[in-house]
Amino acid sequence: FSGKEYSLSELAKVMECSRQSIGRMMDKIDASGKGVVYSAKRNGQRWYRLKTPQGSRPHVYLEPHELERMALCRDLMRHLLPVSTHGDLIATDAKAATLLQNYEEREQVLQRKGHSAVKGQIDYSDSEAVLRVLCEAMDKGVVCSVRYHAPNRPEPNDYDFLPSRIVGYREALYVRGWKITEKGKPEIIAPRLLAIHRMVSVSPTRRIFSPEALANLPPLEETGYFGLITGPPFRVIARFSQASATYAKERNWGAEQTVTPCDAGRVEVSFIAQSEVEVVKWILGFGRDAELVAPAHLRKQVSDELDAARAQYSI
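Residues numbered from 1 in each chain as written. Predicted model: local features only at pLDDT ≥ 70, side-chain atom pairs only at ≥ 80, totals over all residues. Heavy atoms only, no water.

## A short note on the packing of aromatic side chains
In this description, a pair of aromatic rings is defined by centroid distance and the angle of the planes.
Link 1 in the chain: Evaluation of the coordinates by the stated rule reveals 10 aromatic pairs.
Link 2 in the chain: Taking 6.2 Å as the distance between ring centres and 50° as the angle between the ring planes, the aromatic pair formed by Tyr247 and Trp253 counts as tilted.
Link 3 in the chain: Centroid distance Trp282 to Phe286: 5.6 Å. Interplanar angle 85°. Geometry classified as edge-to-face. Comparing Trp282 with Phe286, the two get one shared label, buried.
Link 4 in the chain: An aromatic cluster is defined as three or more aromatic residues linked by ring pairs; in this entry it consists of Phe226, Phe240, Tyr247, Trp253, Phe271, Trp282 and Phe286.
Link 5 in the chain: In this arrangement the basic side chain of Arg106 is found over the ring face of Tyr103, its NZ or CZ atom lying 4.0 Å from the centre.
Link 6 in the chain: Stacked on the ring of Tyr247, the Lys or Arg Arg251 has its end atom at 3.6 Å from the ring centre. (Phe/Tyr/Trp six-rings, centres within 6.5 Å; stacked < 30°, edge-to-face > 60°. Buried < 20%, exposed > 50% of the residue type's maximum accessible area, 1.4 Å probe, protein only. Lys NZ or Arg CZ within 6 Å of the ring centre and 35° of its normal.)

What follows is the structure, given as structure tokens:
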């Protein structure tokens, strides 16, 4: 259904079998006449892709609950997209409803069942063209010319950027990718994370990464560490009062999380983070119901922030 490539390791994991078994399965599919398997070896890894069938497509139906989940995702995430695209979302779901086995169920399945209650919502009305350019560039490996107005800078900066993935984080959209050399053959300078609402303009260039070059790009790891800004990982230990204990232990804050009960109904939560500034702001958001136990240097930062905040309210 996807048309994408899968590595031998990925297939072995999904099928819960050995790599040798996957190799035999691919040979059987290729010899069956029902599908043509493309295979290639890159960076010491075997990759497989099934040739797109010509003249016929899979005969499939959508189950009502499958379409209902897609419509629920639409309702919960629509606040992150420009208002001008909301009609497209509804129309797309209506078209997908034609794949229901019982077409009469479409009205009930597609009715709105979700809503996002958002604080500090960003208006993405002017970002539709930016999102479209970024998505097309990701599909084709196109380097983009970006004008970006970073916070605390008086003027925007211009540089070449290869987008890789759009990230939704705390009611905002970001794009991960790489800063690219300005001239000649495109080469990576450093990874970048850009806020889409701070992009003044984005335009595609004629510089393109080949499929082979894209396949050899360093991975943008999704570690599960706390924080969007990447940095050296470190362990966080935070202690929550009884008032916030249930809230804290119900949530997954970061990789390798543990929750330890303490006295008086308190809990201690430990996890791996990668952004110091985000940990400080996070713990401050709980007020007196949370205490940052470790690391010690961030505990000091929290104390300094509290002193500065208290000074603003001195009478």
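## Notes on unusual backbone geometry
Link 1 in the chain: A cis amide bond links Ala294 with the next residue in sequence, Pro295, at an omega value of 5°.
Link 2 in the chain: Tracing the backbone through its elements, the reader meets Pro295 in the loop between β12 (290-294) and α10 (296-312).
Link 3 in the chain: A positive phi angle is found at Asn152, which is not glycine, with a value near 65°.
Link 4 in the chain: Along the chain, Asn152 turns up in the loop between β4 (142-148) and β5 (157-169).
Link 5 in the chain: Given a relative accessible area of 83%, Asn152 falls into the exposed group.
Link 6 in the chain: Phi at Arg170 takes a positive value of approximately 50°, unusual for a residue other than glycine.
Link 7 in the chain: Structurally, the position occupied by Arg170 is in the loop between β5 and β6 (172-180). (Helix = DSSP H or I, 4+ residues; strand = E, 2+ residues; numbered from the N terminus.)

## Notes on helix α4 (residues 86-96)
Link 1 in the chain: Within α4, the full set of buried residues consists of His86, Asp93 and Ala96. The buried residues of α4 occupy an angular sector of 85° when the element is viewed end-on, so they sit on one face.
Link 2 in the chain: On the buried face of α4, the contacting elements are α3 (64-77) and α5 (106-110). (Arc of directions from axis to C-beta. Contact = heavy atoms within 4.5 Å.)

## Brief notes about the nonpolar core
Link 1 in the chain: In terms of nonpolar packing, the biggest core is built from 25 residues, with Val146, Tyr148, Leu194, Ile196, Met199 and Val202 touching the most fellow members.
Link 2 in the chain: Breaking this core down by element, the ones donating at least two residues are α6 (128-140), β4, β5, β6, β7 (188-195) and β8 (199-208).
Link 3 in the chain: The leading source of residues in this core is α6, at 5 residues.
Link 4 in the chain: Apart from the residues within four sequence positions on either side, Val202 is in contact with Val130, Val133, Leu134, Cys144, Ser145 and Val146. (Core = buried A, V, L, I, M, F, W, Y, C linked by side-chain atoms within 4.5 Å.)

## Some words on the pattern of salt bridges
Two side chains bearing opposite charge may form a pair once their charged atoms approach each other closely.
Link 1 in the chain: With the rule as written, the count across this model stands at 15 salt bridges.
Link 2 in the chain: Residues Arg42 and Glu5 are paired through a salt bridge, measuring 2.9 Å at the closest nitrogen-oxygen approach. Of this pair, Arg42 sits in strand β2 (residues 37-42) while Glu5 sits in the segment before β1 (6-7), and the two are 37 residues apart along the sequence.
Link 3 in the chain: Put simply, Asp75 and Arg74 hold a salt bridge, and the shortest N to O gap is 2.9 Å. Per residue, the accessibility class of Asp75 equals that of Arg74, and both read buried. (Salt bridge = Lys/Arg side-chain N within 4 Å of Asp/Glu carboxyl O.)

## Considering a nonpolar patch on the surface
Link 1 in the chain: Taken together, the side chains of Val14, Met15 and Met25 define a hydrophobic patch exposed on the protein surface, amounting to about 280 Å² of accessible area.
Link 2 in the chain: Relative to the helices and strands, Val14 is located in helix α1 (residues 8-15).
Link 3 in the chain: Judged by relative accessible area, Val14 falls into the exposed class, the value being 61%. (Patch = residues over 30% accessible without salt bridge, like charges linked within 9 Å, V, L, I, M, F, W, Y side chains within 5 Å. Areas by Shrake-Rupley, 256 points an atom, 1.4 Å probe, with all protein chains shown as cover.)

## A short note on the side chain of Gln274
Link 1 in the chain: With respect to the helices and strands, the residue Gln274 is situated in the loop between β11 (267-273) and α9 (276-284).
Link 2 in the chain: Owing to a relative accessible area of 11%, Gln274 belongs among the buried residues under this scheme.
Link 3 in the chain: With sequence-adjacent residues up to four places away left out, Gln274 is seen in contact with Thr223, Tyr225, Phe226, Gly227, Leu228, Ile229, Thr230, Gly231, Pro232 and Phe234.

## Overview of the sheet that holds β4
Within a sheet, neighbouring strands are paired by backbone hydrogen bonds and run either parallel or antiparallel to one another.
Link 1 in the chain: Here we have 5 strands laid out as an open sheet, ordered β7-β6-β5-β4-β8, and antiparallel in their pairing. Strands with a single pairing partner mark the edges of an open sheet, and in this sheet they are β7 and β8. The average angle at which neighbouring strand axes cross in this sheet is 40°, direction not considered.
Link 2 in the chain: Where β5 and β6 come together, 9 bridges link them in antiparallel fashion. Within β6, the position partnered with Leu162 by the bridge is Trp178. (Pairing = 2+ DSSP bridges. Axes fitted to C-alpha atoms, helices over the stretch in contact; angles between N-to-C directions.)

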